[in-house]
Amino acid sequence: MPKTEAELFAFLAGLGIEVSTRRHPPLFTVADSQALRGEIAGGHTKNLFLKDKKDNFFLVSVDEEAVVDLKQIHHLIGAAGRVSFGRPEMLMELLGVVPGAVTVFGLINDTDRRVRVVLDAELMSHAVVNAHPLTNEATTSIAAADLVKFVEATGHDAVILKVSA
């Protein structure tokens, strides 16, 4: 069973990471979430769940305004050839979330470390990063340095690369 939002918050607290969370109606797209701009400060994420031809999975987290060249990103992230979007079933199996709620916090559910995470350098230039806490009915604000700490605490490498155009 995937971790719950409460379990995520307990995990973060156990790491000494303070976050703030704001509840809102379900947000399924970046366009939906942009209605909250001005109310939640910091960088806002757009998350791409990708797979390559050898069934390697990637979670690429970029700023919501970022442009990503999906035909070329495989060169940057170390994929085996071109990438495509991962199926919803694999998203649930690996990260414990559904489409519309993809989040870097889903790494808490990837206990076998099958997903490689890439955090875009532009996103990480913000002091605060905002992401869904395993549900698209809330947004959690976390310090960028604490986001790296969280990723590493899940057993993943916090790879920070410039992947946006």
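Residues numbered from 1 in each chain as written. Predicted model: local features only at pLDDT ≥ 70, side-chain atom pairs only at ≥ 80, totals over all residues. Heavy atoms only, no water.

Observations regarding the pattern of salt bridges
Moving on, step 1. For the coordinates displayed, the defined rule picks out 4 salt bridges.
Moving on, step 2. As a salt-bridge pair, Lys 51 and Asp 55 come within 3.1 Å of each other at their nearest N and O atoms.
Moving on, step 3. By relative accessible area, Asp 55 is classed as partly exposed at 43%.
Moving on, step 4. With its nearest N and O atoms 3.1 Å apart, the salt bridge here joins Glu 89 to Arg 87. (Salt bridge = Lys/Arg side-chain N within 4 Å of Asp/Glu carboxyl O. Buried < 20%, exposed > 50% of the residue type's maximum accessible area, 1.4 Å probe, protein only.)

Side note on the packing of aromatic side chains
Moving on, step 1. Within this structure, the stated rule accounts for 3 aromatic pairs.
Moving on, step 2. Relative to Phe 57, the ring of Phe 49 has its centre 5.5 Å away and its plane inclined at 10 degrees; by these criteria the two rings are stacked.
Moving on, step 3. Taking the relative accessible area as the measure of exposure, Phe 49 reaches 5% and is therefore buried.
Moving on, step 4. Aromatic side chains Phe 105 and Phe 150 sit 5.3 Å apart centroid to centroid with 70 degrees between the ring planes, which places their arrangement in the edge-to-face category. Highlighted residues: Phe 105 in the loop between α4 (88-95) and β5 (115-120) and Phe 150 in helix α6 (residues 144-153), separated in sequence by 45 residues.
Moving on, step 5. Taking relative accessible area as the criterion, Phe 105 reaches 0% and is therefore assigned buried.
Moving on, step 6. In this structure Phe 150 comes out as buried when scored by relative accessible area, which is 0%.
Moving on, step 7. Among the aromatic residues, ring-to-ring pairing joins Phe 11, Phe 105 and Phe 150 into one connected group. (Phe/Tyr/Trp six-rings, centres within 6.5 Å; stacked < 30°, edge-to-face > 60°. Helix = DSSP H or I, 4+ residues; strand = E, 2+ residues; numbered from the N terminus.)

What about helix α1 (residues 5-14)?
Moving on, step 1. Within α1, the full set of buried residues consists of Glu 5, Leu 8 and Leu 12. In an axial view of α1, the angular spread of the buried residues amounts to 60 degrees, which keeps them on one side of the axis. Across from the buried face of α1, at angles greater than 90 degrees, the exposed residues are Ala 6, Ala 13 and Gly 14.
Moving on, step 2. Looking at the buried residues of α1, the elements they touch are β1 (20-23), β7 (138-143) and α6.
Moving on, step 3. Positive phi appears at Gly 16, one or two residues downstream of α1, with a value of about 75 degrees. (Arc of directions from axis to C-beta. Contact = heavy atoms within 4.5 Å.)

Shape is all these values report; function is a separate question.
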